[in-house]
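These are the residues of each chain, in order.
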Amino acid sequence: GWLGHKYEKGATEFRLWSPLARRVKLLLFKKGSKNPKIIKMSRGTSINKDRHEMNTHGVWSATVKKDLDGVAYQFVCIMRKASIRIQETPTVSPLA
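All residue numbers here refer to positions counted from 1 along the written sequence of the relevant chain. Totals for whole chains, interfaces and linings use all residues, but because this is a predicted model, local features are given only for residues with pLDDT of at least 70 and pairs of side-chain atoms are given and counted only at 80 or more. Hydrogens and water molecules were not included; the side-chain quantities draw on all heavy atoms of the structure.

A. Up close: the environment of L68. Inspection of the secondary structure assignment puts L68 in the loop between β6 (59-64) and β7 (72-81). Separated by 59 residues in sequence, L68 and K9 place their C-alpha atoms 7.2 Å apart. Contact definition: two residues touch when any of their heavy atoms are within 4.5 Å. Apart from residues no more than four positions distant in its own chain, L68 is found in contact with Y7, T12, F14 and L28. For the purposes of this entry, the term helix denotes a DSSP run of H or I that reaches at least four residues, the term strand denotes a run of E that reaches at least two, and both are numbered from the N terminus.

B. Main features of the packing of aromatic side chains. Any two rings among Phe, Tyr and Trp, with Trp reduced to its six-membered ring, count as a pair given centres within 6.5 Å; such a pair is stacked if its planes are under 30 degrees apart, edge-to-face if over 60, and tilted if neither. Summed over the entire model, instances satisfying the criterion amount to two aromatic pairs. Judged by centre distance (4.9 Å) and plane angle (70 degrees), the rings of F14 and Y73 are edge-to-face. Note that F14 is positioned in strand β2 (residues 11-17) and Y73 in strand β7, a separation of 59 residues in sequence. Classification of F14 by relative accessible area gives buried; the value is 2%. Between Y73 and F75, the aromatic rings sit 5.5 Å apart at their centres with planes inclined by 70 degrees, giving edge-to-face as the arrangement. The buried label applies to any residue whose accessible area, calculated with a 1.4 Å probe on protein chains only, is under 20% of its type's maximum; exposed applies above 50%, and partly exposed to all values in between. Relative accessible area serves as the criterion here: at 0%, F75 is assigned to the buried category. One aromatic cluster is present, built from ring pairs that chain together F14, Y73 and F75.

Function cannot be read off these values alone, since they describe shape.
This is the structure we're talking about:
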């Protein structure tokens, strides 16, 4: 399946493949703002051995139902580090 974002005037869908992430946040920045709106992303669980484009295992997604024209975005992946600590790493989508 596709990754990155799909923009439409009424809603924008976001997808990121990060199978090792414990949680993923989507940060939305309005032009000129340093304070993002934070949205929790959901992890997919579907596995289809015959149609790989249908797999969502390890794919994180979120849909924002409003016009995001001109809004920048960033992903934050919360990873398990050394099995105990949590590390937050901002990630810019390579498709952005």
